[in-house]
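Take a look at the letters that make up each chain.
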Amino acid sequence: MYDHILVPTDGSEFATDAAETAFDLAATLECPVAIVCVVELGPLGSVRFPGEGSNAAETLTERAESFVTELESTATERGIEVTTAVRTGTPVHEILEYAGEIDADLIVMGTRGRGGIGRMMLGSVTDGVTRHSSTDVLVVGDERVGHEG
């Protein structure tokens with residue numbers, strides 16, 4: 001069915017929920033998972049955040065590395081073969097390019113990601129990936145959204 005699953009992450013709960021679904025599939029299918037986080041710098045690349053010793057590019061890259069490392073640990077604990085990458089650029093483009101490079105045949109991602117100035121992905125990234133991917137995309141919703149009580 002699927003031989004290699006790609007999981008883009010931005011460290012959000014939505015991305016983590018999607019990763020859990022991807023890990024369940026990978027365990028069932030006995031296939032490897034690749035985890036990628038894309039750092040989108042825009043004009044912030046050389047700006048220093050208040051209280052930070054490094055510039056924005058370094059800070060955002062360190063955060064991205066921690067996001068993929070956390071998911072990598074979870075996958076490894078479950079006995080899933082996993083690789084990770086942190087890339088810089090436009091998220092939709094980088095996710096689709098990486099999917100092609102690793103020959104992924106399924107991309108699993110959340111319905112939305114982080115918001116605000118520190119974002120690395122948005123729900124619009126999921127939309128862009130689903131619209132432009134030649135690879136199957138599984139979009140994992142958040143069961144907490146839209147439910148009351």
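Parameters and conventions
- In this convention, every chain numbers its residues from 1, walking through the sequence in written order.
- Per-residue local features are limited, in this predicted model, to residues with pLDDT of at least 70; the limit for side-chain atom pairs, both in listing and counting, is 80 or more; totals at the level of whole chains, interfaces and linings are taken over all residues.
- Excluded from the side-chain calculation are hydrogens and water; included are all heavy atoms of the structure.
- Only DSSP runs of H or I with at least four residues qualify as helices, and only runs of E with at least two residues qualify as strands; both kinds are numbered from the N terminus onward.
- Each residue after the first adds 1.5 Å to the expected span of a helix.
- For each residue, the accessible area found with a 1.4 Å probe, counting protein chains only, is set against the maximum for its type, and the residue is called buried under 20%, exposed over 50%, and partly exposed in between.
- Whether two residues touch is decided by their heavy atoms; if any such pair falls within 4.5 Å, the residues are in contact.
- Pairing between two strands is assigned when DSSP locates at least 2 bridges connecting them.
- Only buried residues count toward a nonpolar core, which is a set of Ala, Val, Leu, Ile, Met, Phe, Trp, Tyr and Cys residues joined through side-chain atoms within 4.5 Å.
- Angles run from 0 to 180 degrees between N-to-C directions of axes, and those axes are lines fitted to C-alpha atoms, restricted for helices to the stretch in contact.

## Regarding helix H1 (residues 13-29)
And then number 1: With 17 residues, H1 should cover 24 Å at 1.5 Å per step; its first-to-last C-alpha distance of 24 Å lies within 8% of that length.
And then number 2: For H1, every residue scored as buried is listed here: Phe14, Ala15, Ala18, Ala19, Ala22, Phe23 and Ala26.
And then number 3: Each element contacted by the buried residues of H1 is listed here: strand E1 (5-8), strand E2 (33-39), helix H2 (56-77), strand E4 (106-110) and strand E5 (136-140).

## What about the side chain of Thr9?
And then number 1: With respect to the helices, strands and loops of the structure, Thr9 is situated in the loop between E1 and H1.
And then number 2: Residue classification places Thr9 among the buried positions, given a relative accessible area of 1%.

## Here we look at the pairing of E4
And then number 1: The buried fraction of E4 amounts to five of the five residues, a majority that puts the element mostly inside the structure.
And then number 2: Strand direction decides the pairing type here: E1 and E4, joined by two bridges, are parallel. What sits directly across from Leu6, in E4, is Ile107.
And then number 3: In this structure, E4 lies alongside E5, joined through five bridges in parallel fashion. Among the inter-strand pairings, Gly110 is bridged to a residue of E5, identified as Val140.

## Here we look at the nonpolar core
And then number 1: Counting 26 residues, the largest nonpolar core has Ile5, Val7, Phe23, Val33, Ile35 and Val108 as its most contacted members.
And then number 2: Ranked by residues supplied to this core, first place goes to H2 with seven residues.
And then number 3: With 15 residues, the next largest nonpolar core counts Leu6, Ala34, Ala99 and Val129 among its residues.

## Observations concerning the sheet that holds E4
And then number 1: Strand order in this open sheet of five strands is E3-E2-E1-E4-E5, and the pairing throughout is parallel. Edge positions in the sheet fall to strand E3 (82-88) and E5, since each has one partner strand and no second. Neighbour-to-neighbour, the strand axes of this sheet turn through a mean angle of 25°, independent of strand direction.
And then number 2: Examined bridge by bridge, E2 and E3 share seven bridges and lie parallel to one another.

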